[in-house]
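Here is what each chain is made of, one letter per residue.
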Amino acid sequence: MSTCLHTLHVDLSTPSSDRSYPILIGRDLLADESIFADILEGRDVILVSNDVVAPIFAARVRGALGSRRRVTEVILRDGEANKTMAAVGDILDAALADRHERGAVMVALGGGVVGDITGFAAACYLRGIDFLQLPTTLLAQVDSSVGGKTGVNHPQGKNMIGAFHQPIAVLIDLQTLHSLPAREFSAGIAEVIKYGLISDIGFFDWLEQSASRLLAREESVLAEAIERSCAVKADVVSADEREGGVRAILNFGHTFGHAIEQVQGYGRWLHGEAVACGMVMAARVSAARGQVPRDFVDRLVALLGRFELPVTPPEDMSVADLMASMAGDKKVVEGRIRFILLAQPGNAVIVDDVSAAEIESACFDRANLD
Ligand SMILES: NC(=O)c1ccc[n+]([C@@H]2O[C@H](COP(=O)([O-])OP(=O)(O)OC[C@H]3O[C@@H](n4cnc5c(N)ncnc54)[C@H](O)[C@@H]3O)[C@@H](O)[C@H]2O)c1
């Protein structure tokens, strides 16, 4: 028997369309036939996973999908390096080979990589079919599975090819977090902490108090952390589905983070690790501007440290490397780099006037950082 602990709703209704969907958070959801029957009814499925996740979870999902629908299974190779158009092609080839029609649903079982690829394949197949998110990493549960950003990487940059395509539902099964490696778990925690920083200081305080129980992966604490994170994301996405404005605050720490990932070469630091460091850098710039107290930066550094997340830029990275990389980011608008800073703890603000000198003195004065 599954237990649903929280249900959230991403409200994307307009007078002309309704792309709203539920987020279910609970235990054993992936094995619950009735949940899949409610969401998918009798529709055929293209189940996409990878060669790490499928051996652990695909059998229970296959069982829950039942025997009365056609299921095509596509197992991708694991890893960010495989988040490519070739992987999308593999999914589309399999769907076409099995002659799936527009009523079929693509189901993404895995972390953010599988979710992003599958969502994009669903956006392209027969000009767009439905897809369902079954996120299995903490990062995917609190971030990538919600909000409808899908896509793949290009040699010119990360996530450069993609589409907005909302899922029909997100099923977050807490059981999946038991097998997640510690480093991946912490990378997801970085995004959880982000939500407290940008819009809910009470949540940040709660995370400080709950750090030990989170590290122990206590189910009720995880469920609350995920629920509160998804609530912030759902609110922001509901207000600005296509990142015309406020949605950009979700990129707190990401402008710096993406640059760190790119300068170092993808894979050395995990995305969430780079975001952790990026958040500290953005907080330091905010503190230098007098917008947050310096001891708030210390609290952030201490909290990230509990999860062994990096808080200073890589030793071999200079401010010039960072600026050059950020200048090529998607977040550049009319030649100006867009940053998200803290207007105060728990409140983010979008600015485009941060100089290299400001970043250098706030974030690269290594002798005085600790
Ligand atoms: N679409 C969005 O809005 C959005 C937001 C944030 C990040 N992203 C994207 O998400 C990706 C990162 O996602 P991620 O951190 O989930 O990485 P990932 O998908 O690569 O998963 C991390 C690793 O954990 C493995 N794994 C997944 N679930 C597991 C489980 N339950 N037990 C054991 N191992 C498991 C994966 O196979 C992989 O090796 C990036 O490509 C990033 O660009 C997208």
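Nothing here was measured: the structure is a model prediction, and the numbers come from that model.

A. Structural context of the packing of aromatic side chains. On inspection of all chains with the given rule, the structure shows three aromatic pairs. Between Phe 203 and Trp 206, the aromatic rings sit 5.9 Å apart at their centres with planes inclined by 25 degrees, giving stacked as the arrangement. Placement of the pair is Phe 203 and Trp 206 together in helix 7 (residues 201-215), with a separation of three residues, close to one helical turn. We classify Trp 206 as buried; its relative accessible area is 15%. Considering the side-chain rings of Phe 256 and Phe 339, the 5.3 Å spacing of their centres and the 40 degrees angle between planes classify their relative orientation as tilted. Here Phe 256, found in helix 9 (residues 254-264), pairs with Phe 339, found in strand 12 (residues 339-344); they are 83 residues apart in sequence, far enough to count as distant. Phe 339 carries the same exposure label as Phe 256, and that label is buried.

B. Structural detail: the packing of helix 7 against helix 11 (residues 294-306). Here helix 7 crosses helix 11 at 30 degrees, and the two axes come no closer than 10 Å. In terms of orientation, helix 7 lies roughly parallel with respect to helix 11. The handedness of the crossing between helix 7 and helix 11 is left-handed. Along its contact with helix 7, which presents Ile 201, Phe 204, Asp 205, Leu 207, Glu 208, Ala 211, Ser 212 and Leu 215, the element helix 11 presents Phe 296, Arg 299, Leu 300, Leu 303 and Arg 306. In terms of residue class, the contact of helix 7 with helix 11 is made up of eight nonpolar, one polar and four charged.

C. Examining the packing of helix 10 (residues 271-288) against helix 13 (residues 356-363) more closely. Closest axis-to-axis distance for the helix 10/helix 13 pair is 9 Å, and the angle between their directions is 105 degrees. Of the possible angle classes, the one that applies to helix 10 and helix 13 is roughly perpendicular. Contacts from Met 281, Arg 284, Val 285 and Ala 288 of helix 10 reach helix 13 at Glu 358, Ile 359, Ala 362 and Cys 363. Its residues assigned to classes, the contact of helix 10 with helix 13 shows six nonpolar, no polar and two charged.

D. The arrangement of the site of the ligand in detail. Of all residues adjacent to the ligand, which total 25 residues, the nearest are Asp 78, Glu 80, Lys 83, Thr 136 and Thr 137. Side-chain polar atom of Thr 136 to a nitrogen atom of the ligand: 2.7 Å apart, as the coordinates give it. Note that an oxygen atom of the ligand is positioned 2.6 Å from one of the side-chain N or O atoms of Thr 137. Here the ligand loses 90% of its free accessible area of 860 Å² to cover by the protein chains. Residue composition of the shell around the ligand, grouped by class: seven nonpolar, nine polar and nine charged.

E. Looking closely at the UniProt feature "domain: 3-dehydroquinate synthase N-terminal" (unreviewed entry) in the protein chain. With numbering matched to this structure, UniProt assigns "domain: 3-dehydroquinate synthase N-terminal" (unreviewed entry) to residues 74-186. In residues 74-186, the share of helix is 34% and the share of strand is 30%. The end C-alpha atoms are 28 Å apart.

F. Seen up close, helix 10. In this model helix 10 runs 26 Å from its N-terminal to its C-terminal C-alpha over 18 residues, within 8% of the 26 Å that 1.5 Å per residue would give. Of all 18 residues in helix 10, 17 are buried; the element is thus mostly enclosed. Gly 290 sits one or two positions beyond helix 10 and adopts a positive phi of about 80 degrees.

G. Region of the structure containing the side chain of His 100. Note on placement: His 100 falls in the loop between helix 3 (85-97) and strand 5 (105-110). Sequence-distant contacts of His 100, that is, excluding residues within four places in its chain, are made with Asp 44, Val 45, Ile 46, Arg 70, Thr 72, Ala 95, Tyr 125 and Leu 126.

H. Region of the structure containing the pattern of salt bridges. All chains considered together, the criterion is met by 20 salt bridges. The residue Asp 116 makes a salt bridge to Lys 83 at a minimum N-O spacing of 2.8 Å. Taken together, the positions of Asp 116 in helix 4 (residues 112-124) and Lys 83 in the loop between strand 4 (71-76) and helix 3 put the pair 33 residues apart, joining distant regions of the chain. You can call Lys 83 buried: its relative accessible area is 3%.

I. Just empty space enclosed by the protein, in detail. Per the stated rule, a full pass over the model turns up one cavity of 30 Å³ or more. In this structure, the largest cavity spans a volume of roughly 30 Å³. Looking at the largest cavity, the residues that line it are Asn 251, Gly 253, His 254, Thr 255, Phe 256, Ala 282, Phe 339 and Ile 340. Every element with two or more residues in the lining of the largest cavity is listed here: helix 9 and strand 12. For the lining of the largest cavity, the leading source of residues is helix 9, giving three residues.

J. A look at the domain arrangement of the protein chain. Assigned domains within the protein chain: domain 1 (3-179) and domain 2 (186-368). Each of domain 1 and domain 2 was reduced to a C-alpha centroid, and the two centroids are 26 Å apart. In this assembly, 29 residues from domain 1 lie in contact with 33 residues from domain 2. Here domain 1 and domain 2 share an interface that buries about 2,700 Å² over both sides, 63% of which is from carbon and sulfur atoms. Our count for the contact surface shared by domain 1 and domain 2 stands at four salt bridges. Asp 143 is the salt-bridge partner of Lys 233, the closest N and O atoms lying 2.8 Å from each other. At the boundary of domain 1 with domain 2, the tally comes to 10 residue pairs in polar contact (both at pLDDT 80 or more). Elements with a minimum of two residues in the side of domain 1 that touches domain 2: strand 1 (3-10), strand 2 (21-27), helix 5 (138-144) and strand 8 (157-164). For the side of domain 1 that touches domain 2, the per-class residue count stands at 15 nonpolar, eight polar and six charged.

Each value, and the rule that gives it
- Here the residue index of a chain counts from 1 through its sequence in written order.
- For a predicted model such as this one, the threshold for reporting local features is a pLDDT of at least 70, and the threshold for listing and counting side-chain atom pairs is 80 or more; totals across whole chains, interfaces and linings nevertheless cover every residue.
- Computation of side-chain values: all heavy atoms of the structure, hydrogens and water removed.
- In summary, the pairing rule links any two rings of Phe, Tyr or Trp, Trp by its six-membered ring, whose centres are within 6.5 Å, and it sorts them by plane angle into stacked for under 30 degrees, edge-to-face for over 60 and tilted for everything else.
- Secondary structure counts use DSSP, requiring at least four H or I residues in a row for a helix and at least two E residues in a row for a strand, with both numbered from the N terminus.
- Remark: exposure states derive from per-residue accessible area (1.4 Å probe, protein chains only) relative to the maximum for the residue type, with buried under 20%, exposed over 50%, and partly exposed in between.
- For helices, the fitted line uses only the C-alpha atoms of the stretch in contact; every axis is such a line through C-alpha atoms, and the angle between N-to-C directions lies from 0 to 180 degrees.
- Orientation labels follow simple angle bins: below 35 degrees gives roughly parallel, above 145 gives roughly antiparallel, 65 to 115 gives roughly perpendicular, and whatever is left gives oblique.
- Two helices that cross are described as forming a left-handed crossing if the nearer one is turned anticlockwise from the farther one by less than a right angle, and a right-handed crossing if clockwise.
- The contact definition used throughout considers only heavy atoms, calling two residues in contact when any of these lie within 4.5 Å.
- Only Asp, Glu, Lys and Arg are considered charged in this grouping, and only Ala, Val, Leu, Ile, Met, Phe, Trp, Tyr, Cys and Pro are considered nonpolar; every other residue, Gly among them, is considered polar.
- Only heavy atoms are used to decide nearness, and a residue is near a molecule or strand if one of them lies within 4 Å of it.
- What qualifies as a polar contact is a pair of N or O atoms within 3.5 Å, subject to a donor-acceptor requirement within protein and to the restriction that residues adjacent in sequence count only when both atoms come from side chains.
- Surface exposure here means Shrake-Rupley accessible area, sampled with a 1.4 Å probe, where a residue is shielded only by the protein chains that are shown.
- UniProt positions are given in the numbering used here, feature names are shortened, and annotations may be inferred rather than shown by experiment.
- Between the first and last residue of a helix there are one fewer steps than residues, each counted as 1.5 Å, and that sum is the expected span.
- Here, a salt bridge means any Lys or Arg side-chain nitrogen found within 4 Å of an Asp or Glu carboxyl oxygen.
- Only protein atoms enter the 1 Å grid used here, on which a cavity is any set of points holding a 1.4 Å probe that cannot leave and a pocket is any open set flanked by protein within 12 Å on both sides along at least five of seven lines; residues with an atom within 4 Å of a point are listed as lining.
- Grid points are joined across faces, edges and corners, and a volume is the space filled by probe spheres set on the points.
- Annotation comment: domain bounds sourced from an automatic or database domain assignment.
- Put simply, buried area is the surface a 1.4 Å probe can reach on two separate parts but cannot reach once they are joined, added for both.

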